[in-house]
Amino acid sequence: MPEINFLEKYQKATKRDYIERVVSHDKAECAAIAKQWGHDYWDGDRQFGYGGYSYDGRWRPIAEDIATHYGLKAGDRILDIGCGKAFLLYELSQVVPGIEVAGIDISQYGVENAKEEVRPYLETGTADKLPWPDSSFDFVYSINTFHNLAAPELKRALQEMERVGKGKAWLCLESYRNEREKMNLLYWQLTCASFYDTEEWKWLYAEWRYTGDCGFIFFE
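Counting restarts for each chain, with residues numbered from 1 along the sequence as it is written. For this predicted model, a pLDDT threshold of at least 70 governs which residues receive local features, and a threshold of 80 or more governs which side-chain atom pairs are given and counted, while totals over whole chains, interfaces and linings are taken from all residues. As a convention, hydrogens and water are excluded, and side-chain values are obtained from all of the structure's heavy atoms.

## Focus on the sheet that holds strand 6 (residues 213–217)
Right, so step 1: Ordered by their spatial adjacency, 6 strands build an open sheet running 3-2-1-4-5-6, and the pairing between neighbours is parallel. Where the open sheet ends on each side, the last strands, each with one partner, are strand 3 (122–124) and strand 6. Strand-to-strand twist across the sheet, computed as the mean angle between neighbouring axes with direction ignored, equals 15°.
Right, so step 2: By the convention used here, residues are in contact when the closest approach between their heavy atoms is within 4.5 Å. The angle between two axes is taken between their N-to-C directions and runs from 0 to 180 degrees, where each axis is a line fitted to C-alpha atoms and a helix contributes only its stretch in contact. The helix count covers DSSP runs of H or I at least four residues long, the strand count covers runs of E at least two residues long, and both are numbered beginning at the N terminus. The strands that helix 8 (residues 151–164) touches are strand 1 (77–81), strand 4 (137–143) and strand 5 (165–174); relative to strand 5, the one it contacts most, it runs at about 145°. Two strands are said to pair when DSSP picks up at least two bridges between them.

Next up, the structure:
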């Protein structure tokens, strides 16, 4: 299974104080608030999530890399599972004029505050119950979503991702390669339900017959 980390060079630019994340606030309470997926998670204080998530163009070069790698062209249908405010989906629509976009996210707040140009093409829902027919999309991707699912939902979500696509797919989530990255992930995360190293993720993908590409976010 090809591993493609489109986000790698951008993730390394982010500095994190992992210990501060644990000791400065009630981590359990922060996680409970984050999992409501509302204002606090997206635009509240940093201990609850993004600490304010607004459009700033940072997704444009990632969209260019994805479009080039997968040969996206006008007329293709693209689905973002866990689209949030859909900034990457918007950038893809600009990089490849003429594509049709769709997105789904569990957060009503995220969808309601998404980039206005693509907001009409977004739905509120869950990754394990996608409201589209088989083989609806030429390219399906998901970033920072599937690790938030427990095993039963995770299996169904992978199968749904396969079902609605035509073969081209990219799934990116948080993982680790060593004990330091594992501890940093545990310190930093608020919403993860599935914690696996990269080889375990790849084993699950094979076991549940996910055939697309994969990518990982590491906390070094």
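## Quick look at the nonpolar core
Right, so step 1: The nonpolar core is taken to be a set of buried Ala, Val, Leu, Ile, Met, Phe, Trp, Tyr and Cys residues, with the residues joined through side-chain atoms within 4.5 Å. Buried means the residue's accessible area, taken with a 1.4 Å probe over protein chains only, is under 20% of the maximum for its type, while exposed means over 50%, and partly exposed covers the values in between. One finds I66, L72, L88, L92, Y141 and W170 to be the most contacted residues of the largest nonpolar core, which totals 47 residues.
Right, so step 2: At the level of secondary structure, the elements contributing two or more residues to this core comprise helix 3 (27–34), helix 4 (39–43), helix 5 (60–70), helix 6 (87–95), strand 4, strand 5 and helix 9 (179–188).
Right, so step 3: In this structure, Y141 is in contact with I78, L79, D80, I81, L88, L89, L92, M161 and W170, ignoring residues within four places of it in sequence.
Right, so step 4: Formed by 27 residues, the second largest nonpolar core is a distinct cluster that contains L79, W132, L149 and L171.

## Side note on the packing of helix 5 against helix 6
Right, so step 1: The contact between helix 5 and helix 6 brings their axes to 9 Å, and the two run at 60°. If you check the angle between helix 5 and helix 6, you find them oblique. The two elements helix 5 and helix 6 cross, and the hand of that crossing is right-handed. Contacts between helix 5 and helix 6 pair R60, I62, A63, E64, I66 and A67 from the former with L88, E91, L92, Q94 and V95 from the latter.
Right, so step 2: Residue polarity is assigned by list, with Asp, Glu, Lys and Arg as charged and Ala, Val, Leu, Ile, Met, Phe, Trp, Tyr, Cys and Pro as nonpolar; anything else, Gly included, falls into the polar class. Taken together, the residues of the contact of helix 5 with helix 6 sort by class into 7 nonpolar, 1 polar and 3 charged. Here the angle decides the label: under 35 degrees means roughly parallel, over 145 means roughly antiparallel, 65 to 115 means roughly perpendicular, and every other value means oblique. Left-handed describes a crossing whose near helix is turned anticlockwise from the far helix through less than a right angle; right-handed describes the clockwise counterpart.

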